[in-house]
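Analysis of the macromolecular model
Residue-level listing of the chains:
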Amino acid sequence: MHPRNAPPTPKALAAVLRGPATARELLIFRHPQTGEQLPKGTLEPGEAPEAAAIRELHEESGLSLTAPRAIGTWHRPWEPGYAAPQLWHLFTFEAPPGLPETWDHAAEGSPAEAGLIFSYRWAALTPGLVQAMRPLFAPVVRRILEA
């Protein structure tokens, strides 16, 4: 079976939002190898997508947030270098008051990311952010903007 026809790998993405409806901000980070993106990762066997979003957010940012809100899924088509297409489960979280404007976090949980430092910042959630993000994440940021 060609990888493009394999069952999709389930992923969970955690989008942390803050601010009033007229000036929403999205928490993004700079991955030292691949650029600006959002916390996401593969579901573990038997893990619910909501639980994976909470876990991935903690492993990649250090934040321990609860009450994710499902905003749908996004199908990432197969491309060379990947074992299968991916199905991303998208969740938003509301940021608690008092989070810093920027911080760095040493990624945990994934051997591929061990030792990497992710640099977090808040970005205005606008159509311009869709264009500024790493292209892989642009459709997801568009979906967050519309949610």
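See above for the structure.
Overview of the structure. Values in this document were obtained by computation on a predicted structure and should not be read as measured data.

1. Thoughts on the overall build of the chain
- The helix and strand inventory of the chain stands at three helices and eight strands.
- Listing every helix and strand of the chain by position from the N terminus yields β-β-β-β-α-β-β-β-β-α-α.
- Taking 147 residues into account, the globule formula puts the C-alpha radius of gyration at 15 Å, and the chain, at 15 Å, falls close to it.
- Dimensions of the chain, computed from C-alpha atoms along their principal axes, come out at roughly 50 × 30 × 30 Å.
- Counting over 147 residues, the chain shows a buried share of 46%.
- Excluding contacts between residues fewer than 6 apart, the proportion of contacts in the chain whose partners are at least 24 apart in sequence is 62%.
- Counting every atom, the chain has about 7400 Å² of accessible surface; 57% of that belongs to carbon and sulfur.
- Charged side chains of the chain number 13 positive and 15 negative; the gap between the two group centres comes to 8 Å.

2. Some details on the layout of surface pockets
- Roughly 480 Å³ of volume is contained in the largest pocket.
- Residue lining of the largest pocket: 26 residues in total, with Lys11, Lys40, Glu60, Ser110 and Glu113 positioned closest to the centre.
- The set of elements that each furnish at least two residues to the lining of the largest pocket consists of strand S4 (40–42) and helix H1 (49–61).
- Sorting elements by how many residues they give to the lining of the largest pocket places H1 first, with four residues.
- In the lining of the largest pocket, the residues fall into six nonpolar, nine polar and 11 charged.

3. A short note on H1
- Here H1 spans 18 Å end to end across 13 residues, near enough to the 18 Å set by a 1.5 Å rise per residue.
- Restricting attention to buried positions, one finds in H1 the residues Ala52, Ala53, Arg55, Glu56, Leu57, Glu59, Glu60 and Ser61.
- On the buried face of H1, the contacting elements are strand S1 (9–18), strand S2 (25–31), S4, strand S6 (86–94), strand S7 (102–106) and strand S8 (117–124).
- Downstream of H1 by one or two residues, Gly62 has phi in the positive range, about 85°.

Here is what the cut-offs are and how they apply
- Residues numbered from 1 in each chain as written.
- Predicted model: local features only at pLDDT ≥ 70, side-chain atom pairs only at ≥ 80, totals over all residues.
- Heavy atoms only, no water.
- Helix = DSSP H or I, 4+ residues; strand = E, 2+ residues; numbered from the N terminus.
- Rg over C-alpha atoms; globule rule 2.2 N^0.38 Å.
- Buried < 20%, exposed > 50% of the residue type's maximum accessible area, 1.4 Å probe, protein only.
- Contact = heavy atoms within 4.5 Å.
- Areas by Shrake-Rupley, 256 points an atom, 1.4 Å probe, with all protein chains shown as cover.
- Lys, Arg positive; Asp, Glu negative; His and termini not counted.
- Charge placed at Lys NZ, Arg CZ, Asp CG, Glu CD.
- 1 Å grid on protein atoms, 1.4 Å probe; cavity = no way out; pocket = protein on both sides within 12 Å on 5 of 7 lines; lining within 4 Å.
- Points joined across faces, edges and corners; volume = space filled by probe spheres on them.
- Nonpolar A, V, L, I, M, F, W, Y, C, P; charged D, E, K, R; others polar.
- Expected span 1.5 Å × (residues − 1).

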